[in-house]
Amino acid sequence: MALALSSTVSSTVDRTLERLRNAFIDTARGAREAVGAPLRTDLPDDDIPRLKGRIDACLEAKGGETASRRRAAELGQAYLSLSPTGRRKFLLTLAHDYGLSRETAVARVDQWRAGKEPARALTRLLEPPAVRLLREFVGVPQGVKFVVDLRAELMALGKTDAAARALSEDLRPLLAAWFDVGFLDLVRIDWRSSAALLEKLVDYEAVHAIRSWRDLKNRLDSDRRCFAFFHPRMPDEPLIFVEVALVDGMAGNVQRLLDARDETADPKRANTAIFYSISNCQQGLAGISFGNFLIKRVAEQLAREMPNIKDFATLSPIPGLRRHIDDRLKNEGDGALTAGEISSLGPVIDKVRGAAAVRQLLDRPNWWQVPAIDKALRPILMRLAARYLTSTDEKGRAVDRVAHFHLGNGAIVERLNWLADTSGNGFKQSYAMMVNYRYKLADVDDNHEDYANGKVVASREVRALTKG
């Protein structure tokens, strides 16, 4: 592959936009005569009435299905031709003028009550016009990808605009229906996959950055697996992918797992599949979950294809752990520690004791490389981490978001790993600790039910750590 790694993000985005534009141009031929001159790129205020005229024409749906698709494609092409300023105005017009206000919704419910329409008619009445408009894109080439990307932009706008936020939420049920897991294809990605797809893996990797082509090749070697979900209407765009290492025993250090210099192992001698990275690829599909189905589907496929694989587990980050530990030490002081932990710090540090001593030791550069400090802090931090991973909030959900995801899928908290991620981000997130969540395929349904009833399922080893 000739393309430099650093250029993958911009080239991927450019090619996606170009593909969308070309698809809409081809579909829109024949409709252009009816819509007049192109909208100006910044969409000045005096172009807004013409934009709304085009939207209204799409919503009127005159001329049958083919004409409706052409009008939708022309509108999509117009949007893609706008500048960032113009797109923002387009989306705000769509959200504010074609959403569904509470007052309008109440009026339509009253209208339905006064008539004799069946219950399904109320569903149609309460669908925002903007959603009805964007529904047309399901039949337009590249239209599904267009709606996904448009929702991503609405979500960004929604941070400061309530109408945009509401429209992004209104689109979620539509996209959830389009992207039902029953419609998705599970595809293995390997080194023989297209260069364009491999570039997207580099771009979308959200857990452990891919730093070179050698790094990427290592992650796709014979003792590794990478699987992704694809939608038939977005065949070139992964929705989510998971990276798997086939190893002997439970992996407990991500640097060793990702070391591209290590010799490739024989996958037939592996007994464990470690899911070490899972990345969502489409921002516009936020709130639509695929990860639980992906992990289970991959585990089931590996179990069929490789009977030597007996265990399935993750090597997962603990994103909120450091903040949790720091807050406990600050707010609870010595109350966050056991008496034994407080006394164990005496030989390591003078003048200060208890929580103050722990905080001072953690502030030392490279504290983990000093054996005495490492020995003193390890049982303290491991106990606090075990408590964090097995704690629930007022709704009975795990406090840690990654724990919530895996426990909800039917995994258990299997093992805590000390100094498992010694990268800068590893210390920033969790004082370098990581956790294995284990998926025992025969037990995932029972574990899921236990967690749904507020019980965090953890191994004896982890439960023992919580007691200090």
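For the structure, see preceding data.
Read on for an overview of the structure. (Residues numbered from 1 in each chain as written. Predicted model: local features only at pLDDT ≥ 70, side-chain atom pairs only at ≥ 80, totals over all residues. Heavy atoms only, no water.)

**Let's talk about unusual backbone geometry**
This is how the line gets drawn: Think of it in three bands: with a 1.4 Å probe and only protein chains considered, a residue is buried below 20% of the maximum accessible area for its type, exposed above 50%, and partly exposed in between.
Not every positive phi belongs to a glycine, and leucine 43 is a case in point at roughly 45 degrees. Accessibility expressed as a relative area gives 0% for leucine 43, which makes it buried.

**Regarding the side chain of glutamate 243**
Formally: By definition, any uninterrupted DSSP run of H or I lasting at least four residues is a helix, any uninterrupted run of E lasting at least two residues is a strand, and each is numbered from the N terminus. Pairs of N or O atoms within 3.5 Å make up the polar contacts considered here, provided that, within protein, one atom can donate a hydrogen while the other can accept it, and that residues adjacent in sequence are counted only when both atoms are side-chain atoms.
Among the structural elements, glutamate 243 can be located in strand 3 (residues 240-247). A distance of 3.3 Å separates a polar atom in the side chain of glutamate 243 from a polar atom in the side chain of arginine 219.

**Section: the environment of proline 317**
Short version of the rule: Any two residues whose heavy atoms approach within 4.5 Å are treated as being in contact.
With respect to the helices, strands and loops of the structure, proline 317 is situated in the loop between strand 5 (311-314) and helix 15 (321-332). Put simply, proline 317 and alanine 403 are 86 residues apart on the chain and 9.4 Å apart in space, counted from C-alpha to C-alpha. With sequence-adjacent residues up to four places away left out, proline 317 is seen in contact with Val402, Gln429, Met434 and Val435.

**Focus on the layout of surface pockets**
Heads up, the condition is: Each cavity reported here is a set of points on a 1 Å grid over the protein atoms alone in which a 1.4 Å probe fits but cannot get out, each pocket an open set with protein on both sides within 12 Å along at least five of seven lines, and each lining residue one with an atom within 4 Å of a point. Grid points are joined across faces, edges and corners, and a volume is the space filled by probe spheres set on the points. When residue character is reported, Ala, Val, Leu, Ile, Met, Phe, Trp, Tyr, Cys and Pro are called nonpolar, Asp, Glu, Lys and Arg charged, and the others, Gly included, polar.
Within this model, the second largest pocket holds a volume of roughly 270 Å³. Along the walls of the second largest pocket sit 18 residues, with Arg224, Val247, Arg256, Leu257 and Asp262 positioned nearest its centre. Those elements giving two or more residues to the lining of the second largest pocket turn out to be strand 3 and helix 13 (254-258). Residues belonging to the lining of the second largest pocket are distributed by class as follows: 6 nonpolar, 4 polar and 8 charged.

**Some points on helix 5 (residues 84-97)**
To keep things clear, this is the line we draw: Take the number of residues in a helix, subtract one, and multiply by 1.5 Å to get its expected span.
Along its 14 residues, helix 5 runs 20 Å from first to last C-alpha, staying within 8% of the 20 Å computed at 1.5 Å per residue. For helix 5, the set of buried residues is Gly86, Arg87, Phe90, Leu91, Leu92, Thr93, Leu94 and Ala95.

**Describing the packing of helix 9 (residues 143-157) against helix 10 (residues 162-178)**
Convention followed: Working convention: axes come from line fits to C-alpha atoms, limited for helices to the stretch in contact. Angles between N-to-C directions cover 0 to 180 degrees. In this scheme, roughly parallel covers angles under 35 degrees and roughly antiparallel covers those over 145, while 65 to 115 is roughly perpendicular and the rest are oblique. Throughout, a crossing is termed right-handed when the near helix is turned clockwise from the far one, and left-handed when it is turned anticlockwise from it by less than a right angle.
It is at 9 Å that the axes of helix 9 and helix 10 come closest, and there the two elements cross at 150 degrees. The angle between helix 9 and helix 10 falls in the class roughly antiparallel. By crossing handedness, the relation of helix 9 to helix 10 is classed as left-handed. Two secondary-structure elements touch here, helix 9 through Val144, Val147, Val148, Leu150, Arg151, Leu154, Met155 and Leu157 and helix 10 through Ala164, Leu167, Ser168, Glu169, Leu171, Arg172, Leu175 and Trp178. Looking at the contact of helix 9 with helix 10 residue by residue, the class counts come to 12 nonpolar, 1 polar and 3 charged.

**Brief notes about the pairing of strand 2 (residues 224-230)**
Definition in use: Two strands are said to pair when DSSP picks up at least two bridges between them.
Along strand 2, 7 of the 7 residues are buried, which leaves the element largely enclosed by surrounding structure. Side chains Arg224, Cys226, Ala228 and Phe230 project from strand 2 onto one buried face, and the interleaved Arg225, Phe227 and Phe229 project onto a second face that is buried too. Here strand 2 pairs with strand 3 via 6 bridges, running antiparallel. When the sheet's bridge partners are listed, cysteine 226 is paired in strand 3 with glutamate 243.

**A word on the pattern of salt bridges**
This is how the line gets drawn: Any Lys or Arg side-chain nitrogen found within 4 Å of a carboxyl oxygen on Asp or Glu counts as a salt bridge.
The final tally for this structure, using the stated rule, is 26 salt bridges. In this structure, arginine 40 and aspartate 46 form a salt bridge, with 2.7 Å as the shortest nitrogen-oxygen distance. A residue is classified by how much of its surface remains accessible, and arginine 40, at 42% relative accessible area, is partly exposed. A salt bridge links arginine 269 to aspartate 266; its shortest N-O distance comes to 3.9 Å. Residues joined in a network through salt bridges with shared partners are Arg40, Asp46, Asp47 and Arg50.

**Brief notes about the sheet that holds strand 3**
One key point about sheets: their strands pair by backbone hydrogen bonds, in either a parallel or an antiparallel sense. Pairing in this open sheet of 7 strands is mixed, and the strands run 1-2-3-4-5-7-6 from one edge to the other. Only two strands of the sheet have a single partner each, and these edge strands are strand 1 (185-188) and strand 6 (412-417). With direction set aside, neighbouring strand axes in the sheet form an average angle of 30 degrees. Judged from the 2 bridges that link them, strand 5 and strand 7 (residues 434-439) form a sheet pairing that is antiparallel. Of the residues in strand 7, the one forming a bridge with alanine 313 is arginine 438. The sheet contacts of helix 18 (residues 371-389) involve strand 6 and strand 7, and relative to strand 6 the element is tilted by about 160 degrees.

**Thoughts on the nonpolar core**
The condition is simple: Residues belong to a common nonpolar core when they are buried Ala, Val, Leu, Ile, Met, Phe, Trp, Tyr or Cys residues joined through side-chain atoms within 4.5 Å.
In this structure, Phe179 and Met433 are the most contacted members of the largest nonpolar core, which totals 112 residues. Ile189, Leu197, Val202 and Leu216 belong to the second-largest nonpolar core, a separate cluster that totals 15 residues.

**Notes on the environment of alanine 265**
Here alanine 265 lies in the loop between helix 13 and strand 4 (272-280). Along the backbone, alanine 265 and glycine 76 are 189 residues apart, and their C-alpha atoms lie at a distance of 49 Å. Those residues in contact with alanine 265 that sit more than four places away from it in its chain are Ser222 and Asp223.

**Concerning the pairing of strand 7**
Where burial is concerned, most of strand 7 is hidden: 5 out of the 6 residues are buried. Strand direction decides the pairing type here: strand 6 and strand 7, joined by 5 bridges, are antiparallel. Its bridge partner being in strand 7, asparagine 417 is matched across the sheet by methionine 434.

**Some thoughts on the packing of aromatic side chains**
Selection criterion: When two rings of Phe, Tyr or Trp (its six-membered ring) have centres within 6.5 Å they constitute a pair, described as stacked for plane angles under 30 degrees, edge-to-face for angles over 60, and tilted for the intermediate range. Look at NZ for Lys and CZ for Arg. If either is within 6 Å of the ring centre and within 35 degrees of the ring normal, a charge sits over the ring.
Counted by the stated rule, this structure contains 8 aromatic pairs. Ring geometry for tyrosine 79 against phenylalanine 146: centres 5.6 Å apart, planes inclined by 80 degrees, an arrangement best described as edge-to-face. Here tyrosine 79 is found in helix 4 (residues 64-80), whereas its partner phenylalanine 146 is found in helix 9, with 67 residues between them in sequence. The same class applies to tyrosine 79 and to phenylalanine 146, which are both buried. An aromatic cluster of three or more residues is present, and its members are Tyr79, Phe90, Phe137 and Phe146. In this structure, arginine 87 packs its charged tip against the face of tyrosine 79, placed 5.4 Å from the ring centre.

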